[in-house]
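# Residue-level structural notes
As a plain string of letters, each chain reads:
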Amino acid sequence: MRLWIHELRIEQLLFWRNREAAFFTFFLPVIFFLIFGSVYGKDIIKKEGGIKASAFLEAGMIGYGVAATCFAGLGITLVVRRESGVLKRIRATPLPPATYILGVLGSTFVVFMIEAFLIIAIGRTLFSVAVPNALFSLLFVLALGALAFAAIGLGITGLVRSSEGSSAVINAVYLPMAIISGTFFTPKGYPSFLRVIADVLPLTHYTKLTRDVMIHNQHFWADRGAIGVVALWGAIGVVAAIRGFRWQPREAT
Amino acid sequence: MSVISVRGLRKSYGGNEAVRGIDFEIRAGEVFGLLGPNGAGKTTTIEILEGYRDRSGGEVEVLGIDPQHAGRAWREKLGVVLQSSSLYPNLTVRESLRTFGGYYTRSRNVSEVIEIIGLGDKADARVRTLSGGQKRRLDLGIALIGDPELIFLDEPTTGFDPGARRAAWETIRNLRSLGKTILLTTHYLDEAEQLADRVAVLRGGEIVREGSPAELTSASAETEIRFRRNGSVIVERTKEPTQRLHELIHEAGGAELDELEVRRPTLEDVYLELTGE
């Protein structure tokens, strides 16, 4: 526990020190919320049952945030650390590997929680979006998203070979996913081939959950199908991580 | 007491045997050098001892434990410098040492370690702003922060300028005088000669010679006698330089042997002879 708290504090220091990473994973969803919220926040989205666009966008940006922070940010960070030999170096210390991973995950979760809080606060003050009523359900959904997307983030590190390629590969996965999944716009107006892709993506189902809970004040268990898809993707991530996660850089020899 | 004991160690990758049955012992307080050209098996050997790689055969004990089954208590006593620098670029020197120090139940004072590695004026500089040599010294500092009994140094001064190398040697000598056991790999002969109590020369995954630098140079290569006769340089190599010199002087019949030089082999000569380079 002492070691875990030590690691958590270092991870927080490392995250906020790395300005580029903090910008792309933490601030970008917030900035997009500010921009798009100002552009079309006052619109009413008929395809989503006549709800206010700013409320729709707010819940979407929580989804975009979980993909940016827990999936992309975590994945890129770990690949860079692996390839620079830091993970290998840590393995030579008495710090148990599980404590290290839990420290990294804990820190990612803290960042995402601050991000979600900030997005909700901006929604309330600038776009007059009501703070969600179902706070317990909201917490559950945030935790579920953080866990599932962090698992996918851990899993994808095994597929990325170089530190230079890590942000290219991971951004190429998560940016299109964020758009196709309808974090910015309602996917209900998409052409059918995009909707087919959207239907299998975890983020589509995750933003459905955040919108159910945040906009429609439903309980988190109302849509078990969506929870199931997100959890299934998380499980795929765990399996991929167990099979593919490495501590050592690719050998030069 | 032997801190490291290796018997019949083998390691193959696919069909390729990188280490072909080597034996050596390292006693407490000793600085042991593993020498050899690239691809001789130095890094494979040291990484098996550090617990990073599993071996294909043989017996290995490090601090009384098989590294393949070693746990936290074992890692508490170990300091490791990897072949390439492995640091967090956004931390300062002090923060880096504090970070790694926190992983040990008993760690050294951060300021003391900064003093030992000579980064006093860089203590609050970000790692990304350090020079290559300074980063390497911080790597060494991180290896020392847990106050280890045994230190692995994999090519610790590669890429250093001569001044930085001498400073690093001084640090390593200080560690030795504190009673630390050190396993060092290097392909710099002068480094092994300066630091190591004993060296093993690896070639193609086998130890071709082992002993103190002095033993190696006296037992192995031949002394070189060089002089000029009738305008051309004569070079002779012999295991009995006194005898041969006596003969040469006799032959010359009192005439001067121009530009006479008698040179004992350096470790470099022995090394080149052994590794066939």
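Every chain is numbered independently, its residues counted from 1 as its sequence is written. Going through the entries in the order they are written, you letter the chains from A and number the ligands from 1. Reporting of local features is limited, given that this is a predicted model, to residues whose pLDDT is at least 70; pairs of side-chain atoms are given and counted only at 80 or more, and all residues count toward the totals for whole chains, interfaces and linings.

What follows deals with the overall build of chain A. Helix numbering and strand numbering both begin at the N terminus, where a helix is a DSSP run of H or I of at least 4 residues and a strand a DSSP run of E of at least 2. Across its full length, chain A holds ten helices and two strands. Counting helices and strands in the order they occur from the N terminus, chain A gives α-α-β-β-α-α-α-α-α-α-α-α. The globule rule used here is 2.2 Å times the number of residues to the 0.38 power, and the radius of gyration it is set against is calculated over C-alpha atoms. Its C-alpha atoms give chain A a radius of gyration of 18 Å, within 12% of the compact-globule value 18 Å for 253 residues. Taking the principal axes of its C-alpha atoms as reference, chain A extends roughly 60 × 40 × 30 Å. Classification of the 253 residues of chain A by burial places 47% in the buried group. To assign burial, the other C-beta atoms lying within 10 Å of each residue's own C-beta are counted, with C-beta atoms placed from the backbone; 20 or more indicates buried, 12 or fewer indicates exposed, and intermediate counts indicate partly exposed.

It is worth spelling out the environment of Thr185 of chain B at this point. Residue and element names in this part refer to chain B. In this structure, Thr185 sits in strand S7 (residues 181-186). Taking the C-alpha atoms as reference points, Thr185 and Gln83, 102 residues apart in sequence, are found 9.3 Å from one another. Contact criterion: two residues are in contact if their C-beta atoms, reconstructed from the backbone, are within 7 Å. Look past the residues within four positions of Thr185 in its chain and what remains in contact with it is Leu34, Lys42, Thr43, Ile46, Asp154 and Glu155.

Time to look at the sheet that holds strand S1 (residues 2-13) of chain B. All names here are of chain B. Here we have three strands laid out as an open sheet, ordered S2-S1-S4, and antiparallel in their pairing. With partners counted over all chains shown, the strands left at the sheet margins are strand S2 (16-27) and strand S4 (57-62), one partner each. Strand-to-strand twist of the sheet, defined as the mean angle between neighbouring strand axes without regard to direction, takes the value 15°. Pairing between strands is defined by DSSP: at least two bridges between them are needed. Alignment of S1 against S2, held across nine bridges, turns out to be antiparallel. Residue pairing across strands places Leu9 opposite Ile22, the latter belonging to S2. Where helices are involved, their axes are fitted lines through C-alpha atoms of the stretch in contact, as for all axes, and angles between N-to-C directions lie from 0 to 180°. Lying on the sheet, helix H1 (residues 42-49) is in contact with S1, S2 and S4; it crosses S1 at an angle near 120°.

Contact with chain B, which involves 16 residues of that partner, is made by 16 residues of chain A. Listed by contribution, the elements that provide at least two residues to the side of chain B that touches chain A are helix H2 (72-76), strand S5 (78-81) and helix H3 (93-101) of chain B. Sort the elements by how many residues they give to the side of chain B that touches chain A and H2 of chain B lands first, with three residues. The residue inventory of the side of chain B that touches chain A, partitioned by class, reads seven nonpolar, five polar and four charged. Under the scheme applied here, ten amino acids are nonpolar (Ala, Val, Leu, Ile, Met, Phe, Trp, Tyr, Cys and Pro), four are charged (Asp, Glu, Lys and Arg), and all others, including Gly, are polar.

Residue and element names in this part refer to chain B. Across the chain, each position has a pLDDT score giving the predictor's confidence in that residue, from 0 to 100. Looking at chain B, pLDDT values average 89 and 99% of them are 70 or higher. When mean pLDDT is taken per element in chain B, H3 scores highest with 97 and helix H10 (residues 267-275) scores lowest with 76. Predicted complex metrics record ipTM = 0.89 and pTM = 0.88.

Here we take up the sheet that holds S7 of chain B. Residue and element names in this part refer to chain B. Across the sheet, six strands lie side by side as S5-S6-S7-S3-S8-S9; this open sheet has mixed pairing. What marks the edges here is a single partner per strand, and that holds for S5 and strand S9 (206-211). Between one strand and the next, the sheet's axes are offset by a mean angle of 15°, whatever the strand orientation. Bridge count for S5 against strand S6 (residues 150-154) is four bridges, and the pairing is parallel. The partner of Val80 across the bridge, within S6, is Phe152. Across the sheet, helix H5 (residues 132-144) touches S5 and S6, and the angle it forms with S5 is around 165°.

With that settled, the discussion passes to H1 of chain B. Residue and element names in this part refer to chain B. Within H1, eight of the eight residues are buried, which leaves the element mostly enclosed by the surrounding structure. Regarding H1, the residues found buried are Lys42, Thr43, Thr44, Thr45, Ile46, Glu47, Ile48 and Leu49. Gly51 lies just past H1 and shows a positive phi near 90°.

Once that is clear, we can look at the pairing of strand S11 (residues 232-238) of chain B. Residues and elements named next belong to chain B. Pairing of strand S10 (residues 223-229) with S11 involves seven bridges; the strand directions are antiparallel. When the sheet's bridge partners are listed, Arg226 is paired in S11 with Val235. Hairpin remark: S10 followed by S11, antiparallel, with two residues in the connecting loop; positive phi at Asn230, about 50°.

With that out of the way, let us pick up the domain arrangement of chain B. All names here are of chain B. Each domain's extent was defined by an automatic or database domain assignment. When its domains are assigned, chain B resolves into domain 1 (1-77 + 149-219), domain 2 (82-147) and domain 3 (221-275). Its C-alpha centre places domain 1 at a distance of 23 Å from the equivalent point of domain 2. On the side of domain 2, 14 residues touch domain 1, which itself brings 14 residues to the contact. Breaking the side of domain 1 that touches domain 2 down by element, the ones donating at least two residues are S6 and helix H6 (162-177). The element contributing the most residues to the side of domain 1 that touches domain 2 is H6, with five residues. Taken together, the residues of the side of domain 1 that touches domain 2 break down into six nonpolar, four polar and four charged.

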